[in-house]
Every structure is written in C-alpha cells, then in structure tokens.
Amino acid sequence: METLFTAMENERRAEVAPLAVRMRPRTLDEVVGQIDAVGPGSWLRSAIEGDSLSSVILFGPAGTGKTSLAHVIAEHTKATFVEVSAIGGTVSDLRREISAAEKRLTMQGLRTILFVDEIHRFNRSQQDALLHAVENRVLVLVGATTENPFFEVNSALISRSRVVELHSLTDGEIAQLVRRALADERGLAGRYALADDALSAIVLLAGGDGRASLTTLELASQMVAPGTPKNPALISVDVVRRATPHRALAYDKNKDMHYDVISAFIKSMRGSDPDAALYWLARMIDGGEDPKFIARRMMIQASEDVGNADPQAFLIAEAAFKSAEVIGYPECRINLAQAAIYLALAPKSNAVEAGIDAALAEVRHGPARKVPDYLRDRHRPGSENYGTYKYPHDYPEGWVEQRYLPDGLERGCFYHPSERGWEAYRVDAAARDRAAVLDRTAESRAAAGDLARGSKRNATAASAERKPSSEDKALSDASAQTAHPADASAPAGEAGII
C-alpha cells in the first residue's frame with residue numbers, strides 16, 4: 001500500500017541499487033530481445049497489454065529478463081502485484097498471500113498477481129499450496145526459474161500455467177543494453193564513455209547475460225573517476241579486464257547446463273572433432289565438474305561409439321578414470337584431455353551397442369528358445385545322450401563349423417560389424433580363416449570320395465579277372481567236345497565220366 005513516503009523510499013532504494021536493477025525496463029518497448037516471448041503479436045505481450053494475464057512460468061538462463069518482465073507486468077496491470085521469493089518463502093507465507101488475494105477479489109473485485117522468483121526452489125508441499133488458488137483464479141501466478149520447469153515444477157502446476165521460454169541475449173542486444181545504461185539518467189547519465197574494444201570485451205564476458213554485462217560496466221566505472229556529459233571519462237579495455245579478471249560462464253553441476261555440456265562433449269567425440277571435445281571439456285573443468293563423472297562418460301562412449309573399431313580406446317578411457325580418481329584436479333585435466341582427443345580421433349563403430357540391444361530385444365520380445373542339446377552342461381545324469389560337442393581346440397585351426405545359436409536364429413542376426421579399424425580387420429581375418437577351413441574340409445571330403453571310388457573300381461576289375469566270361473566258357477566247352485567225341489553220345493547224366 002502506497003503512503004506519502006513511498007516515493008521518497010523508492011528514490012533512496014534506487015540510489016543504492018545496482019546498475020542492473022536501476023536499468024530494469026519500465027515498459028514492454030524497453031525490453032531488449034525476447035521477440036518470441038514479448039514481441040508484437042505474442043501471447044504474453046497481448047495478455048500484458050490487455051491486462052488479461054493468466055498464470056505463466058518464465059523459464060530461461062540467468063540475465064535474460066525474467067524478473068524484469070515481472071516488473072513490467074507490475075507497472076501495466078491494474079491488479080495488485082505481490083512478490084515472494086522461493087528462497088526464503090514458506091507455506092505460511094503463501095497461505096497468507098492467498099488469503100489476502102481472496103479478500104481483495106471478493107470484497108474489492110481486485111485481482112492479485114503473485115510473482116514467485118526461483119520457483120523451482122519451492123518443495124512439493126509449497127508448490128501444492130498454490131494449486132487451488134491458481135486453478136480457481138484467486139490469484140495469477142507468475143513464476144520465474146532458470147531450471148527446466150517440466151522437471152522442477154509439479155506437473156499439476158504446469159498444467160494450470162503457460163510456460164514461456166526466454167533465450168540468452170545476442171551480442172547486439174547486450175551492446176544495446178550497455179549503451180543505454182551509459183546514456184540513461186537512471187544509469188551512468190553520460191558521465192562515462194566506453195572504448196570500442198572495451199564494449200566488445202563486456203559483450204564477450206557477458207555470454208548472453210544482460211545482468212552480467214551491466215554489472216561489469218558498473219564495476220569498470222567505479223575504477224575510473226567520473227566525467228561530465230560534455231567530457232565523459234573513458235573506460236578502456238584494460239579497465240574492463242581488471243574489473244573482471246575471471247570470466248565465469250554459466251554452468252551448474254546437476255541441472256540442465258550440466259547435461260547440455262556433457263551431451264555436446266560426447267557428441268563432439270562421436271563426431272571426431274577433437275577441438276570441440278576440448279572446448280566442452282574445458283567448460284566442464286572450469287565449471288568445477290567432477291572429473292570422475294567426465295571420465296565415466298568417456299568410458300561409456302569408448303564402448304558405445306568406438307567399440308571394437310579400436311579396443312584400445314576403452315583402456316585409455318579407463319586409465320583416464322583412474323587418473324581422475326587418484327590424481328584429481330588440476331593435473332588430471334591433462335589425462336582427461338588425452339583420452340578425449342584419443343576417442344575423437346579413433347575409428348568409430350556402434351556395432352557393440354546395436355548388437356547387444358538387438359539381442360536384448362529378441363530375448364524380451366521373441367519366443368523362448370531351447371539350448372541345443374550338444375551345448376548343454378554335461379554334469380548331470382543322461383548327458384551322454386546330448387550328442388557330440390565339437391571342442392574347437394581339438395582342431396588344427398582352433399575352429400570348427402558348429403551351430404551355436406538356437407533354432408530360428410542365424411549368424412549375423414545381431415552383430416553387424418563396421419568396415420573400420422581393428423573390427424573390420426578381425427572380421428575379415430576370421431572370415432578368411434573359416435573359409436580356408438571349410439575349403440580344406442571340402443577338399444578332404446572330395447579326396448576321400450575319390451579314394452573310395454577308386455577302390456571300388458579296382459575291386460570290380462579284380463572280380464572281373466577271377467570270373468570267366470561267357471565267351472571263355474563257350475570256347476572251353478568246344479575244346480572239351482573235340483577232345484572226347486565219344487562222350488557226346490553218352491547220356492547227359494554221365495557226360496564227362498571216365
């Protein structure tokens with residue numbers, strides 16, 4: 001509720017407020033960037049201008065204007081604007097504000113807009129306390145969060161609200177903010193000028209964060225004696241660098257940025273780009289990421305994306321994990337970098353992952369397939385009837401043709417090797433070895449067949465020599481008749497008897 005002293009209090013707060021707070025936009029036209037969210041024709045702009053706002057959750061990185069938009073809403077709306085911070089707020093605070101909002105609505109016909117900054121910090125019970133009031137429009141919720149609301153905010157509250165995503169500001173938009181702060185009476189009021197390279201340095205250091213750019217400008221201005229609007233003091237690039245000696249890029253170790261950066265790191269190694277892998281690795285190291293987490297992901301990637309195209313990759317990744325575990329920062333950054341570069345340069349194959357996933361899909365969705373008898377365990381009664389198992393080491397080549405898959409599956413149904421690296425060489429060598437074995441087996445069988453056929457021919461010939469032919473028998477009979485003519489007239493039963 002405003003009093004006679006409200007203007008004076010606001011003026012004193014503004015005198016000590018940071019530059020970023022003093023330069024917050026007062027109208028939608030002063031909002032820099034976020035065309036998709038509050039540009040002409042957008043839902044949020046129409047709702048603010050028409051004073052018909054429904055519950056909304058503003059989601060985006062730090063310094064993109066979430067709190068600024070909430071204050072623009074406060075300036076434009078005819079509703080009562082109430083602000084609660086999720087950092088120190090409690091369920092009792094929420095219930096008190098909900099009760100007050102209900103009284104305004106029923107007794108005065110006034111709507112209430114409740115702004116909750118860092119809403120993702122509210123626990124489940126605190127978020128649940130808002131559900132009925134939001135659903136019944138007792139109040140309009142405006143939540144702000146740097147975390148993905150679909151993970152951090154209750155789904156019931158999400159379903160009753162509109163999610164509007166804000167994006168990091170472009171370099172041009174950051175420069176626009178800085179120039180406005182230099183000239184605006186609420187800012188530096190024209191008492192300072194910024195060298196071109198100093199402006200570029202501020203834009204670079206900001207990294208898309210509008211608040212960070214204005215903070216850097218304010219810190220740099222405090223290191224230079226102020227000038228006048230006619231003779232402004234110059235802020236050089238050296239002053240900017242001294243004001244911000246370390247550039248802190250946005251990074252969190254257990255939220256969206258954590259997963260985004262590790263995802264980019266893995267995809268860079270998979271895409272065989274060592275420079276990109278080093279950059280994203282450096283982002284994680286600079287952000288204080290656990291080196292064991294990085295090394296674990298590289299161990300997974302070594303099998304998933306390199307596999308048997310270069311089996312050495314897994315050993316390199318394992319050694320990197322050991323270095324992270326035993327050595328730690330800062331020295332293990334070198335070990336991590338070596339492993340990252342090796343994985344990026346290694347030949348790639350996803351045959352291992354694809355193969356085991358295909359086999360798992362068959363096991364989970366296919367029929368139950370019986371183990372072939374000759375492959376079953378022999379340490380049980382009756383195993384002598386399982387058939388013959390061919391022990392590969394009993395054969396000269398250490399391999400023998402034998403079926404190992406159950407019925408209904410054929411070789412090559414799961415494992416599809418790539419044509420790269422050691423995997424391709426080993427698959428080709430194994431195929432050549434097996435083909436040679438099969439060829440020798442076929443030759444041996446052919447030779448055995450030829451030997452068997454030759455033996456049969458020899459046996460037939462020998463038999464033919466021992467058994468007289470019909471012609472020989474006829475000649476023998478004729479000779480007998482010539483030698484014994486008297487026998488010709490003898491009775492048949494007595495022929496040849498002397």
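Predicted model only: the values in this text are computed from it and were never measured.

Re the confidence of the model for the chain
Mean pLDDT for the chain: 86, with 85% of residues reaching 70 or above. Here residues 482-498 is a poorly scored stretch, pLDDT under 50, and it has one contact once near neighbours within four places are set aside; other chains count.

Some points on the sheet that holds strand E3 (residues 112-117)
In spatial order, the strands read E2-E3-E4-E1-E5; together these five strands make up an open sheet with parallel pairing. The outermost strands of the open sheet, each flanked by one partner alone, are strand E2 (80-85) and strand E5 (162-165). Mean inter-strand twist for the sheet, computed between neighbouring axes without regard to direction, equals 20°. Across six bridges, E2 lies against E3 in parallel orientation. In the strand pairing of E3, Ser 85 is matched with Asp 117. This element, helix H5 (residues 66-76), spans strand E1 (56-59), E2, E3 and strand E4 (140-145) of the sheet and lies at about 165° to E3.

Some remarks on unusual backbone geometry
Here the residue pair Tyr 329 and Pro 330 is connected by a cis peptide bond, since its omega of 0° sits within 30 degrees of zero. Here Pro 330 is to be found in the loop between helix H18 (312-326) and helix H19 (332-345). Despite not being glycine, Asp 51 has its phi angle at roughly 50°, a positive value. By the element assignment, Asp 51 lies in the loop between helix H4 (43-49) and E1. We classify Asp 51 as partly exposed; its relative accessible area is 23%. A positive phi angle, close to 60°, is found at Arg 137, a residue other than glycine.

Thoughts on the pattern of salt bridges
Enumeration over the complete set of coordinates arrives at 18 salt bridges. Arg 45 is the salt-bridge partner of Glu 49, the closest N and O atoms lying 3.2 Å from each other. Highlighted residues: Glu 49 and Arg 45, both in helix H4, separated by four residues, approximately one helical turn. Looking at Arg 45, the relative accessible area reads 14%, which means it is buried. It is possible to trace a salt-bridge network through shared partners that takes in Arg 26, Glu 30, Asp 184 and Arg 186.

Here we look at helix H11 (residues 171-183)
Along its 13 residues, H11 runs 19 Å from first to last C-alpha, staying within 8% of the 18 Å computed at 1.5 Å per residue. Within the sequence span of H11, burial applies to Glu 173, Ile 174, Ala 175, Leu 177, Val 178, Ala 181 and Leu 182. Buried residues in H11 make contact with helix H2 (19-22), strand E6 (192-194), helix H12 (196-206) and helix H13 (210-221).

A few points about the side chain of Ser 161
Its place among the elements puts Ser 161 in the loop between helix H10 (155-159) and E5. Looking at Ser 161, the relative accessible area reads 14%, which means it is buried. From its side chain, Ser 161 meets the backbone oxygen of Leu 157 in a polar contact 2.9 Å long. With residues near it in sequence (within four places) discarded, Ser 161 still touches Ser 55, Val 56, Ile 57 and Leu 141.

A closer look at the environment of Phe 59
Relative to the assigned elements, Phe 59 resides in strand E1. With 107 residues separating them along the chain, Phe 59 and Leu 166 place their C-alpha atoms 5.9 Å apart. Residues within four places of Phe 59 in sequence aside, it is in contact with Lys 66, Thr 145, Thr 146, Glu 147, Asn 148, Pro 149, Val 163, Val 164, Glu 165, Leu 166 and Asp 256.

Observations concerning the pairing of E4
Put simply, side chains in a regular strand alternate between the two faces of the sheet. With six of six residues buried, E4 lies mostly within the body of the structure. Pairing of E1 with E4 involves four bridges; the strand directions are parallel. Residue pairing for E4: Phe 59 is matched across the bridge by Thr 145. Two strands pair when backbone bridges link them, and E3 and E4 are joined in this way by five bridges, in the parallel orientation. Its bridge partner being in E4, Ile 113 is matched across the sheet by Val 140.

Basis of the calculations
Residues numbered from 1 in each chain as written. Predicted model: local features only at pLDDT ≥ 70, side-chain atom pairs only at ≥ 80, totals over all residues. Heavy atoms only, no water. pLDDT = per-residue confidence, 0-100. Contact = heavy atoms within 4.5 Å. Pairing = 2+ DSSP bridges. Helix = DSSP H or I, 4+ residues; strand = E, 2+ residues; numbered from the N terminus. Axes fitted to C-alpha atoms, helices over the stretch in contact; angles between N-to-C directions. Buried < 20%, exposed > 50% of the residue type's maximum accessible area, 1.4 Å probe, protein only. Salt bridge = Lys/Arg side-chain N within 4 Å of Asp/Glu carboxyl O. Expected span 1.5 Å × (residues − 1). Polar contact = N/O pair within 3.5 Å; in protein donor to acceptor, adjacent residues only side chain to side chain.

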